[in-house]
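Coordinate analysis (summary)
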Amino acid sequence: MELEDIPGQLVRALEPISRFGGNIKSVVHRRERKTQLGMVPVTVVLEVGEKERFNRILSELKSMGVRITHVGEREEMKKRVVLISGPLTIEELDEITKRVGELKGTKISDVSLAMESVGGGMAARLTISGRSDRSLDSAFSLIESIAEKKRFLLMKSVEEGG
Amino acid sequence: MKLILVGFGNVGRGLVRALVQKRNFFLKEHGMSCEIVAVVDGHGAVVDENGLSFRRLLRMVEEGNLIGSERKLGVEIIREVDADVVFELTPTNIKTGEPGLTHIKTAMRTGKSVITSNKGPLVVAFRELEELAKKRGVEFRYSASVGGAVPVIGLAKRILMGNEVLAIRGVLNGTTNYILTRMAQEDAPFDIVLKEAQELGIAEKDPSLDIQGIDTACKITILANSVLGIDAKLGEVKTKGISGVTPEAIRLAREAGFTVKLVGIASKRTLEVGPKLVPIHHPLAVSGTLNAVTFEVDLAREITISGFGAGPRETSSSLLGDLVDVYQAISQRG
């Protein structure tokens, strides 16, 4: 955002963020880099639980006349690694990836494969990304039920569950 | 303290050797003197109510059998011979718990305290034995049944007494840990490494209890009962072994910063055993035949201990720790 270089402007601009439950992670106020119109560029990094709150903060700021020049968004994704091995085919792996992708808020974000030298099976390392632990849990349960049905060996991290 | 030893295999012989070697230490440090008044195995028994001589005991250890034994059963000796403590060290039978179960019950019913390394009776009748010991006013210890030399139960039940234990995660089987470690080091398949372990005497001729995860499941059952106070049965532990683990899977795990271990987990929510991904720098990532256990507790958060999970000398560490403990408990009672 760009703020006028007069006292109180920064505090005024930050106020709606906390009012709508946003968590301010950092504020960079660069007076040495004033724009040609004499405005001070300010970068605010904040965290909100839901997108809706973020939109409310934005519209509040706009209605206050704060000039917002750029909005960058990064959805924070949690990750979990699982390994499956056994008589697994590419088609079955594809199916797993598809079905996890169909769940709300989860996807398989990384896949590594190794063909087994003995037995002709395959090992796959999957990284599940999800918006919350809950969505990761449901993705894991889905993979677990597929693994059980098809008799794949499924391994997850010892730090999860239990 | 008058002691009866039932079972004269590796563990029994290791215990006799350590007891004889360290008799002065126990007298000096703990004021405890011990005589072994009877040793019984599957073939017979040697008895001397005044204590078997150390020379004879050591000779029996060297020769691996009982010299000059009479044909008597463990139950008879336990019933007839006067003693303070019975060491029950016979082989584990996870289905019936026998003959250990009968030995332990007979000992308790005749007013003798019991120390055991035998998982069978604990898995089959944990509650019953704890209650019987209480009813008969005798001591009952089983530190050596989980973790070999690693003081898993003592740490949880004594030293961490101010904490509530929320979960226990452990690498509790040296054989499978050795196999998984070698598979990772050599990029070798399970079958070949298993053969190597059998040649080295690390894996038994019939390794199924170890590799199917059943041995670990027994230990999880014992820990759930003794530490978490859950009335858990072996059949309730969801158990998977390591025979399906491949070197390729281990390599993929390593590339993501994990190693593969056979881990047993006990908590109020889950009882399970299976191959798990353990972060390489996690304290449970011990290699070779080592055991390690992490306790998740309410105050101290996480405590991990590791050490040797098997071996006659190592196991005698836990058995003798229990003996001093029983001695102190009996002395306090006066």
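Residues numbered from 1 in each chain as written. Chains lettered and ligands numbered in written order. Predicted model: local features only at pLDDT ≥ 70, side-chain atom pairs only at ≥ 80, totals over all residues.

Comments concerning the overall build of chain B
Scanning chain B from N- to C-terminus turns up 13 helices and 12 strands. Since a compact globule built from 334 residues should have a radius of gyration of about 20 Å, the 20 Å found for chain B is in line with a globular shape. Along the first, second and third principal axes, the C-alpha atoms of chain B reach 65 × 45 × 40 Å. Sequence-distant contacts, at least 24 apart, represent 70% of the contacts inside chain B between residues at least 6 apart. (Helix = DSSP H or I, 4+ residues; strand = E, 2+ residues; numbered from the N terminus. Rg over C-alpha atoms; globule rule 2.2 N^0.38 Å. Contact = placed C-beta atoms within 7 Å.)

Re the overall build of chain A
Looking only at helices and strands, chain A has 4 helices and 7 strands in total. Order of helices (α) and strands (β) in chain A, N terminus to C terminus: β-α-β-β-α-β-α-β-β-α-β. Over its C-alpha trace chain A gives a radius of gyration of 23 Å, far above what one expects of a compact globule, namely 15 Å for 162 residues. By principal-axis analysis of the C-alpha atoms, chain A measures approximately 75 × 30 × 25 Å. Per-residue burial for chain A yields a buried fraction of 22% across its 162 residues. Looking at chain A alone, contacts between residues at least 24 apart form 63% of all its contacts between residues at least 6 apart. (Buried ≥ 20, exposed ≤ 12 C-beta atoms within 10 Å, placed from the backbone.)

Section: the interface of chain A and chain B
At the interface, 18 residues of chain A touch 26 residues of chain B. No other element matches strand 4 (residues 78–86) of chain A, which puts 4 residues into the side of chain A that touches chain B. Within the side of chain A that touches chain B, the residues separate by chemical class into 8 nonpolar, 6 polar and 4 charged. (Nonpolar A, V, L, I, M, F, W, Y, C, P; charged D, E, K, R; others polar.)

Remarks on the domain arrangement of chain B
Residue and element names in this part refer to chain B. Domain boundaries in chain B define domain 1 (2–149 + 313–333) and domain 2 (153–308). For domain 1 versus domain 2, the distance between C-alpha centres works out to 28 Å. At the junction of the two partners, domain 1 supplies 14 residues and domain 2 supplies 16 residues. Secondary-structure elements contributing two or more residues to the side of domain 1 that touches domain 2 are helix 6 (119–136) and helix 13 (312–333). (Domains from an automatic or database assignment.)

As for the environment of Val-86 of chain B
All names here are of chain B. Within the secondary structure layout, Val-86 lies in strand 4 (residues 85–88). For the pair formed by Val-86 and Asn-173, sequence separation is 87 residues and the distance between their alpha carbons is 26 Å. Residues in contact with Val-86, not counting those within four places in the same chain, are Ile-4, Val-6, Ile-78, His-103, Ala-107, Lys-112 and Val-114.

So, the confidence of the model for chain B
Close inspection of predicted coordinates is inappropriate in any region flagged by low pLDDT. Chain-level statistics for chain B give a pLDDT mean of 96 and a share of 100% at 70 or above. Confidence estimates for the predicted assembly give a pTM of 0.85 and an ipTM of 0.85. (pLDDT = per-residue confidence, 0-100.)

Things to note about the nonpolar core
With 120 residues, the main nonpolar core has Val-82 of chain A together with Ile-4, Leu-5 and Phe-87 of chain B as its most contacted residues. Once you skip the residues sitting within four places of it in the chain, Val-82 of chain A turns out to touch Leu-126, Ile-128, Phe-140, Ile-143, Leu-154, Met-155 and Lys-156 of chain A. (Core = buried A, V, L, I, M, F, W, Y, C linked by C-beta atoms within 7 Å.)

Quick word on the sheet that holds strand 6 (residues 122–130) of chain A
In a beta sheet, neighbouring strands pair by backbone hydrogen bonds and run either parallel or antiparallel. Residues and elements named next belong to chain A. Taking strand neighbours across the sheet as the criterion, the 4 strands line up as 5-6-4-7 in an open arrangement whose pairing is antiparallel. Two strands close off the open sheet at either side, each with one partner strand: strand 5 (106–115) and strand 7 (153–156). When strand polarity is set aside, the average angle formed by the axes of neighbouring strands in this sheet is 20°. Relative to strand 6, strand 5 runs antiparallel, the two being bridged by 9 bridges. Of the residues in strand 6, the one forming a bridge with Leu-113 is Ala-124. (Pairing = 2+ DSSP bridges. Axes fitted to C-alpha atoms, helices over the stretch in contact; angles between N-to-C directions.)

Some thoughts on the sheet that holds strand 7 (residues 165–171) of chain B
Residues and elements named next belong to chain B. With mixed pairing, the 6 strands of this open sheet are ordered in space as 8-10-9-7-11-12. Only two strands of the sheet have a single neighbouring strand rather than two, namely strand 8 (238–239) and strand 12 (301–308). Pairing between strand 7 and strand 11 (residues 290–297): 6 bridges, direction antiparallel. Pairing of Ala-167 across the sheet is with Glu-296, part of strand 11. Its contacts with the sheet put helix 8 (residues 174–186) on strand 7, strand 9 (258–267) and strand 11, and the angle it makes with strand 9 is roughly 155°. Here helix 12 (residues 247–255) sits on the sheet in contact with strand 9 and strand 10 (271–279), set at roughly 90° to strand 9.

Re the pairing of strand 4 of chain A
All names here are of chain A. A large share of strand 4 lies buried, amounting to 7 of its 9 residues. Direction of pairing for strand 4 relative to strand 6: antiparallel, over a ladder of 9 bridges. Bridged to Gly-86 within strand 6 is Met-122. Two elements, strand 4 and strand 7, share 4 bridges in a ladder whose sense is antiparallel. In the strand pairing of strand 7, Leu-83 is matched with Met-155.

Thoughts on the packing of helix 6 of chain B against helix 11 (residues 214–226) of chain B
A pair of packed helices is characterised by two quantities: the angle between their axes and the separation of those axes. All names here are of chain B. Their axes nearest at 9 Å, the elements helix 6 and helix 11 cross at an angle of 55°. Here helix 6 is positioned oblique relative to helix 11, judged by the angle of their axes. The handedness of the crossing between helix 6 and helix 11 is left-handed. Taking contact as the criterion, the partners of Lys-119, Leu-122, Val-123 and Phe-126 in helix 6 are, on helix 11, Cys-218, Thr-221, Ile-222 and Asn-225. Here the contact of helix 6 with helix 11 is built from residues that sort into 5 nonpolar, 2 polar and 1 charged. (Parallel < 35°, antiparallel > 145°, perpendicular 65-115°, else oblique. Left-handed = near helix turned anticlockwise from the far one by under 90°.)

Overview of the domain arrangement of chain A
In terms of domain boundaries, chain A breaks down into domain 1 (2–63) and domain 2 (78–156). Relative to domain 2 of chain A, the C-alpha centre of domain 1 of chain A lies at a distance of 41 Å.

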